[in-house]
Amino acid sequence: MKKVQRIAALFLAAILLSSCSLPGLGSGFNEEGITITGGSTTEQQIVGYIVEGMVEHYIDIDAQIVNNLGSSSLNHQALIGGDANVAAIKYTGTSLTGELGQDPITDPEVALDLVVEGFAAEFDQKWFPTYGFANTYAFMVTQELADQYDLVTISDLEDIASELDAGVDSSWIQRAGDGYDAFLDTYGFDFNRVYPMQIGLVYNALQAGEMDVVLGYSTDGRIKSYDLVVLEDDKQLFPPYDASPVATFEVLEAYPELNEVLTKLKNTISDEKMQELNYISDNNLIEPKVVADDFLKENNYFESIEVNEEGGEQ
Amino acid sequence: MMADMNLWEQLLYYFSENGLYIWSQFFRHFLISIYGVLFAAIVGIPLGFWISRHGKLADWVIGAANVIQTIPSLAMLSILMLGLGLGVNTVISTVFLYSLLPIIKNTYAGVQSVDKNILDSGKGMGMTRWQLTYMVELPLALSIIMAGIRNAMVVGIGVTAIGTFIGAGGLGDIITRGVNVTDGGAIILAGAIPTAFMAVISDLLLGWIEKKLDPTKNKKILS
């Protein structure tokens, strides 16, 4: 009997704790406020803080941010379960094959349409227009080599490829759909040798001259710091990973201004800008929050961008 | 630019560039730990007194608190997350649960250690049960209870560092970021050093309070 009382007391205390908010810690996670999920990579966190900064600038509310949720599926669960209501950044390619369970699609516009429809129908969430950058696999070369052979697209490599050593992500070699085999099929040429390596090392290998061409991520900060050139995927081998914010329709109804705030960010961050922001944070040791705040102040919170009722730009 | 600096220079640079951010996370970390321990004290101290009056229950209650203590903190966070969701309050609940054992156990031990003769003389003076508890047992046991709170606080600061994985913020955010970036040694230290610093400072501070509260060392009472 006494033990039951004790357990009941514990339980009550826990429920009491979970329902109230304590001074100094901001409001708790609840249905009323705006809670934004960031992520664990530098890029995801920077964008998370950009969204937080925008929301707090335009809407009189103390928005919460949740970082370091281990995976994109945990991130998704947070929105489904009501612990959060805005996902600061989702990538079309990841969500199409992940949350929606569909086959990868290489046409960016088709992929975008599919996620917009899929998220509205299945999860009651709005997929916003892209920020303007895509974090996808990309072949890159040094500025020097690009100038020498006038390289712009991957197809431009064809004539000289037999003399080039390529460093690629080790998991890419075996990947179905957009892996090494698909590359050979789509572009119809091969490199002198292909070295599988850890993705974090390819940028240094290229800069040090150990490789002539490498496959890396298109928004990595080191592209900027090492002055590398990203070659355009002219035959659309890699599925698009365009980055967009996503919000639940529920929170958009509660805060109608949020729709405008998130639409304002459309096409405001280019691939190069994201590389630069990642570079500032990773290489110059500036926290993502500081990088994001500086970025927003620099652009005056995009106040000059007008958004019409349908959510498009004017 | 950063490649030319050694780890300590990078660390100093990081502190100077992100000082305000580190401070806000430090404060948040501290508050989360303090709230957890505070709630545990509110529940644990009365519970400790209560079980010392009901000797048979003591084993059960302390046993239960012991069981809670054996659950790994990451597992505890995950279990509580299922019920309470993401965020700060779940971490505070976790700190709360971990703080229960040291606080209950020390309160129990503190009350038990009070000399029965003193209690008898209190009774002889016509003190009520409440007066005995409030005016005799509590002051005499206070320094031992404080030792339990001190213990709980240090454990709580450690648990809060893991709270970053369910979105609570705190210095764990900085440590995790350091692990995720390519060359994040300095960032890891920038999160870990303040965490350790916080634990050491709270331990020293609470140790000092504990000593102040020990009636056998208080000259004013003895003289």
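Residues numbered from 1 in each chain as written. Chains lettered and ligands numbered in written order. Predicted model: local features only at pLDDT ≥ 70, side-chain atom pairs only at ≥ 80, totals over all residues.

**Focus on the overall build of chain B**
In terms of regular secondary structure, chain B is built from nine helices and zero strands. Ordered by position in the sequence, the α and β elements of chain B form the string α-α-α-α-α-α-α-α-α. Counting contacts in chain B only where the partners sit at least 6 residues apart, residues at least 24 apart contribute 75% of the total. (Helix = DSSP H or I, 4+ residues; strand = E, 2+ residues; numbered from the N terminus. Contact = placed C-beta atoms within 7 Å.)

**Regarding the overall build of chain A**
Summing up its helical and strand segments, chain A has 14 helices and 10 strands in all. Looking at chain A as a whole, 44% of its 314 residues qualify as buried. Considering only contacts in chain A between residues 6 or more positions apart, those separated by 24 or more positions represent 75%. (Buried ≥ 20, exposed ≤ 12 C-beta atoms within 10 Å, placed from the backbone.)

**Quick look at helix 8 (residues 185-213) of chain B**
Residue pairs three or four apart in sequence face the same way in an α-helix, which turns once every 3.6 residues. Residue and element names in this part refer to chain B. If you check helix 8, its first and last C-alpha atoms are 42 Å apart, about what 29 residues at 1.5 Å a residue would give, namely 42 Å. Taken residue by residue, helix 8 has Ala186, Ile187, Ala190, Gly191, Pro194, Thr195, Met198 and Ser202 as its buried positions. For helix 8, the secondary structure elements touched by its buried residues are helix 1 (7-53), helix 6 (129-162) and helix 7 (171-180). (Expected span 1.5 Å × (residues − 1).)

**Some remarks on the nonpolar core**
Formed by 109 residues in total, the largest nonpolar core has its most connected members in A:Val86, B:Ala40 and B:Leu100. Among the nonpolar cores identified, the runner-up in size contains 23 residues, and A:Tyr217, A:Leu228, A:Val230 and A:Phe238 belong to it. (Core = buried A, V, L, I, M, F, W, Y, C linked by C-beta atoms within 7 Å.)

**Brief notes about the packing of helix 2 (residues 42-58) of chain A against helix 12 (residues 256-264) of chain A**
Residues and elements named next belong to chain A. At a minimum axis separation of 10 Å, helix 2 and helix 12 run at an interaxial angle of 130°. Taken together, helix 2 and helix 12 sit at an angle that is classed as oblique. At the point where helix 2 passes helix 12, the crossing takes the right-handed sense. Together, Met54, Val55 and Tyr58 of helix 2 and Glu257, Leu258 and Val261 of helix 12 make up the contact between the two elements. Residue classes in the contact of helix 2 with helix 12 are distributed as five nonpolar, no polar and one charged. (Axes fitted to C-alpha atoms, helices over the stretch in contact; angles between N-to-C directions. Parallel < 35°, antiparallel > 145°, perpendicular 65-115°, else oblique. Left-handed = near helix turned anticlockwise from the far one by under 90°. Nonpolar A, V, L, I, M, F, W, Y, C, P; charged D, E, K, R; others polar.)

**Focus on helix 6 of chain B**
Across its 34 residues, helix 6 of chain B extends only 43 Å between first and last C-alpha, which sits more than 12% below the 50 Å expected from 1.5 Å per residue. The axis of helix 6 of chain B is deflected most strongly, by about 50°, at B:Leu142. (Bend = angle between axes of the 7 residues up to and from the residue.)

**Some words on the pairing of strand 6 (residues 165-169) of chain A**
Remember that side chains alternate between the two faces of the sheet whenever the strand is regular. All names here are of chain A. In terms of burial, strand 6 is a largely internal element, four of the five residues being buried. One ladder, built from five bridges, connects strand 6 with strand 7 (residues 193-197); its direction is parallel. Opposite Gly167, over in strand 7, you have Tyr195 as the bridge partner. Bridging between strand 6 and strand 8 (residues 213-217) involves two bridges; their strand directions are parallel. In the strand pairing of strand 8, Ala166 is matched with Val213. (Pairing = 2+ DSSP bridges.)

**Considerations on unusual backbone geometry**
Residues and elements named next belong to chain A. The backbone of Leu285 shows a phi angle near 60°, a positive value even though the residue is not glycine. Looking at the element boundaries, Leu285 is found in the loop between helix 13 (271-283) and helix 14 (288-298). The residue Tyr301 is not glycine, and still its phi comes out positive at about 50°. Summarising the element assignment, Tyr301 is placed in the segment after helix 14.

**Quick word on the environment of A:Val214**
Residues and elements named next belong to chain A. When you line up the elements, Val214 lands in strand 8. Take Val214: there are 27 C-beta atoms within 10 Å of it, and that puts it in the buried class. Separated by 47 residues in sequence, Val214 and Gly167 place their C-alpha atoms 4.6 Å apart.

**A short note on the sheet that holds strand 1 (residues 35-37) of chain A**
Residue and element names in this part refer to chain A. Within the open sheet, the five strands sit side by side as 2-1-3-10-4. Their pairing is mixed. Edge positions in the sheet fall to strand 2 (64-66) and strand 4 (125-127), since each of these pairs with one other strand and no more. Within the sheet, the average angular offset between the axes of one strand and its neighbour, ignoring direction, is 25°. Here strand 4 pairs with strand 10 (residues 243-248) via three bridges, running antiparallel. Within the sheet, the bridge partner assigned to Trp127 lies in strand 10 and is Val246.

**Re the confidence of the model for chain B**
Residue and element names in this part refer to chain B. Confidence in the prediction of chain B, expressed as mean pLDDT, is 88, and 95% of residues score 70 or more. Least confident of the elements in chain B is helix 9 (residues 219-222), whose mean pLDDT is 56; most confident is helix 4 (residues 88-112), at 93. Among the scores for the predicted complex, ipTM is 0.71 and pTM is 0.79. (pLDDT = per-residue confidence, 0-100.)

**Quick look at the sheet that holds strand 8 of chain A**
All names here are of chain A. On the basis of which strands lie adjacent, the open sheet formed by five strands has the order 7-6-8-5-9 and mixed pairing. In this open sheet, the two edge strands, each paired with only one partner strand, are strand 7 and strand 9 (228-230). The average undirected angle you get between the axes of adjacent strands in this sheet is 35°.

**Section: the environment of A:Val66**
Within the secondary structure, A:Val66 sits in strand 2. Judged by the 26 C-beta atoms lying within 10 Å of it, A:Val66 is buried. In sequence terms A:Val66 and A:Glu272 are 206 residues apart; their C-alpha atoms lie 26 Å from each other. Among all residues touching A:Val66, those that are not within four sequence positions of it are A:Thr35, A:Thr37, A:Gly38, A:Ala78, A:Ala84, B:Leu86 and B:Gly167.

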